[in-house]
Number of protein chains: 2
Amino acid sequence: MDQNSLPPIQTTARDDAVLKALVGFVRAEALQPGERLPTERILAERLKVSRNTVREALTRWEGLGLVERRQGSGTYLKAAVSHDMLHMPLTLAGGNDFTSLMQTMEIRRALEAEAAALCAERASQADIAEIARKLDIMEQAFRTRDGMSSEEDWEFHQAIYRASGNPLFEQIIAAMYELFHRFWEHPLGVRDFGHASFPYHRTIYECIAARDPQGARAEALKLIATVEDDLKRGAAKLKLSSQT
Amino acid sequence: MDQNSLPPIQTTARDDAVLKALVGFVRAEALQPGERLPTERILAERLKVSRNTVREALTRWEGLGLVERRQGSGTYLKAAVSHDMLHMPLTLAGGNDFTSLMQTMEIRRALEAEAAALCAERASQADIAEIARKLDIMEQAFRTRDGMSSEEDWEFHQAIYRASGNPLFEQIIAAMYELFHRFWEHPLGVRDFGHASFPYHRTIYECIAARDPQGARAEALKLIATVEDDLKRGAAKLKLSSQT
DNA sequence: GTGGTCCAATGGTCCAACCAATTTCTGCAC
DNA sequence: GTGCAGAAATTGGTTGGACCATTGGACCAC
């Protein structure tokens, strides 16, 4: 027997219902991220549910980063919502350590290579021009600020993800990017971090412009490899210095 | 001045405090996934907070997939927890349509290939044995039920993700698996779906057992390609049949 | 053993009140 | 009128208590 032919029935799902209604409200009012949504008390009254139920529902959304609550002020929309959202709560055991960072790098390696290849296949001329523009900005920042170009670097990669024709690449890697930021804030001894990866940005671009998916994939892999090397060197240095 | 040296004081963070205490409890009691944690009422009493506060905290964890609540039964641990977890809630706007499905397939292609390669590098003998076991189960189910082996198929892939040594692979693909399920529920006309991908499961396994990362990657890519083909055929068929 | 009934435990919901942070309004000094 | 301190209203955060719905086990009749 197919187990899927007899799904469990849902008798109670109050908070889910609240969120569904809220999606409808946001769409009807055309609320944009940053705008305030109704008071908890008002929602409770309008939806004919307890304020507690409203709060549990909003707690869910807050945990997903869709909404932000400010005591005394209100609840604010933080991202676009729709009725067919797919939630992927990723939990990394062991936050700031080296292992977690390398694990995210492995994910990024897989996605970055695929995105570069797809980009080489699909990018429009406008996309390619945009990537070239970001590359120029990055290279200039790199030279004037002597290697500190993480922001421009990030925008270059984002342009590639966008041109891949698949928004999931950008969303997934963007979620992980915050992890990297935390790490950067607490520098780990490698002063010239990112220097080694610099030349590969241009080679990736050239492969994309030449419509060479395999080449783009290969260059992207090389780029990630240099970053991983930097990380490993940093970790080794850190380990050494802590052995006082 | 380093802003981090002067963190804002926390006058209210009751639910966070509850979760922190809960992490301590789980560690002290050495609770494993699947075990039941204390009643909401007991937690409220022990931690000297309201039951509502406990509930909001647990709602957070439930949203992160760390815990599962069953009315009338209790609250159960679903994953390992630690004090330094990092959460990356990722919500995708995608829907049920064919485009979304193909986009998730592109992500899966990237991750599946990388996971297979890493697995071939790192899997222990026990891991490989486990994968072989899942493969046998899957192949038997395939033969006896004539191709309907999606559940066993999924477990085979999960075993590979686990043996990759990087839990993120399993988490990300597991989240996307739910999207596929949504799709399977509304079948799309391809009766022999998955048949074509069947032989590649064994070739992937053989590459892993032979410690051949490049081979494993190539076979994984072939497998995904057949699935994508099936999807495209299904979509074409659907399109045709709806042109009445 | 099978099926039914009861009952205690547990999560889900509700209510009414109060606390704490924020925003807005008010009124006074100038 | 302007500016600013303080009051008042608004809003999310917390509390305690109550009741409902589901679960799972104990017990019983057959």
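Given the structure is predicted, the values throughout are model-derived calculations rather than measurements. (Residues numbered from 1 in each chain as written. Chains lettered and ligands numbered in written order. Predicted model: local features only at pLDDT ≥ 70, side-chain atom pairs only at ≥ 80, totals over all residues. Heavy atoms only, no water.)

Let's shift gears to the packing of helix α1 (residues 14-29) of chain B against helix α3 (residues 51-63) of chain B. All names here are of chain B. Between α1 and α3, whose axes approach to 8 Å, the crossing angle comes to 70°. Our classification of the angle between α1 and α3 gives roughly perpendicular. Pair α1 / α3 crosses with right-handed handedness. Of α3, the residues touching α1 (which contributes Arg-14, Asp-15, Val-18, Leu-19, Leu-22 and Val-23) are Thr-53, Glu-56, Ala-57, Leu-58, Arg-60 and Trp-61. Broken down by class, the residue content of the contact of α1 with α3 amounts to seven nonpolar, one polar and four charged. (Axes fitted to C-alpha atoms, helices over the stretch in contact; angles between N-to-C directions. Helix = DSSP H or I, 4+ residues; strand = E, 2+ residues; numbered from the N terminus. Parallel < 35°, antiparallel > 145°, perpendicular 65-115°, else oblique. Left-handed = near helix turned anticlockwise from the far one by under 90°. Contact = heavy atoms within 4.5 Å. Nonpolar A, V, L, I, M, F, W, Y, C, P; charged D, E, K, R; others polar.)

With that settled, the discussion passes to the sheet that holds strand β3 (residues 74-77) of chain B. Adjacent strands of a sheet form backbone hydrogen bonds with each other and so pair up, either parallel or antiparallel. Residues and elements named next belong to chain B. Here we have three strands laid out as an open sheet, ordered β1-β3-β2, and antiparallel in their pairing. Strands at the two margins of the open sheet, each flanked by one partner only, are β1 (36-37) and β2 (67-70). Of the strands in this sheet, β2 and β3 are in contact with α3, which crosses β2 at around 120°. (Pairing = 2+ DSSP bridges.)

Mapping chain B onto chain A is achieved by rotating through 178° and translating by 0.7 Å along the same axis, at an RMSD of 2.3 Å. Both chain copies can therefore be described as sitting about a two-fold axis. Here 98% of the interface residues in chain B have copies in chain A that are interface residues too; the copies meet face to matching face. (Least-squares fit on C-alpha atoms with pLDDT ≥ 70 in both.)

Glancing now at the environment of A:Thr39. All names here are of chain A. Relative to the elements of secondary structure, Thr-39 occurs in the loop between β1 (36-37) and α2 (40-47). When its relative accessible area of 30% is taken as the criterion, Thr-39 is described as partly exposed. With 15 residues separating them in the primary sequence, Thr-39 and Val-54 have C-alpha atoms 9.9 Å apart. (Buried < 20%, exposed > 50% of the residue type's maximum accessible area, 1.4 Å probe, protein only.)

Next up on the list: the nonpolar core. A:Met88, A:Ile107, A:Leu111, A:Phe169, B:Ile107, B:Leu111 and B:Phe169 are the most contacted members of the largest nonpolar core, which totals 36 residues. Those elements that provide at least two residues to this core are β4 (86-92), α4 (98-122), α6 (150-163) and α7 (167-185) of chain A together with β4 (86-92), α4 (98-122), α6 (150-163) and α7 (167-185) of chain B. In this view, A:Leu111 contacts A:Phe169, A:Ile172, A:Ile173, B:Ile107, B:Ala110 and B:Leu111; residues no more than four positions away in its chain are not counted. (Core = buried A, V, L, I, M, F, W, Y, C linked by side-chain atoms within 4.5 Å.)

Quick look at the pattern of salt bridges now. Evaluation of the coordinates by the stated rule reveals 40 salt bridges over all chains. Residues A:Arg55 and A:Glu40 are paired through a salt bridge, measuring 2.9 Å at the closest nitrogen-oxygen approach. Of this pair, A:Arg55 sits in helix α3 (residues 51-63) while A:Glu40 is found in helix α2, placing the two residues 15 residues apart along the sequence. According to the relative accessible area criterion, A:Arg55 is partly exposed, its value standing at 24%. A:Glu40 sits in the buried class, given a relative accessible area of 11%. Taking the shortest distance from any N to any O, the salt bridge between B:Glu62 and B:Arg69 comes out at 3.2 Å. The buried category is assigned to B:Arg69, whose relative accessible area is 18%. One connected set of salt bridges, linked through shared partners, spans A:Asp15, A:Glu56, A:Arg60, B:Glu40, B:Arg51, B:Arg55, B:Glu62 and B:Arg69. (Salt bridge = Lys/Arg side-chain N within 4 Å of Asp/Glu carboxyl O.)

This part is about the pairing of β2(B). All names here are of chain B. Of the two faces of β2, the one lined by Val-67 and Arg-69 is fully buried and the one lined by Glu-68 and Arg-70 carries no buried residue. With four bridges connecting them, β2 and β3 associate as antiparallel partners. Within β3, the position partnered with Val-67 by the bridge is Leu-77. Between β2 and β3, which pair antiparallel in sequence order, lie three residues; one of them, Gly-72, sits at a positive phi of approximately 80°.

In this structure, A:Gln103 sits in helix α4. Residue A:Gln103 is classed as buried on the basis of its relative accessible area of 12%. For the pair A:Gln103 and A:Leu92, spaced eleven residues apart in sequence, the C-alpha to C-alpha distance is 9.2 Å. Leaving out residues up to four positions away in the same chain, A:Gln103 has contacts with A:Leu92, B:Gly165, B:Asn166, B:Pro167 and B:Leu168.

Enumeration over the complete set of coordinates arrives at two cavities of 30 Å³ or more. When its volume is computed, the largest cavity comes out at roughly 80 Å³. At the level of secondary structure, the elements contributing two or more residues to the lining of the largest cavity comprise α4 and α9 (213-241) of chain A together with α4 and α9 (213-241) of chain B. Among the elements that make up the lining of the largest cavity, the one with the highest residue count is α4(B) (four residues). Taken as a whole, the second largest cavity spans an internal volume of roughly 30 Å³. If you trace the second largest cavity, you find it lined by A:Asn52, A:Arg55, A:Glu56, B:Asn52, B:Arg55 and B:Glu56. Listing elements by their share of the lining of the second largest cavity, those giving two or more residues are α3 of chain A together with α3 of chain B. (1 Å grid on protein atoms, 1.4 Å probe; cavity = no way out; pocket = protein on both sides within 12 Å on 5 of 7 lines; lining within 4 Å. Points joined across faces, edges and corners; volume = space filled by probe spheres on them.)

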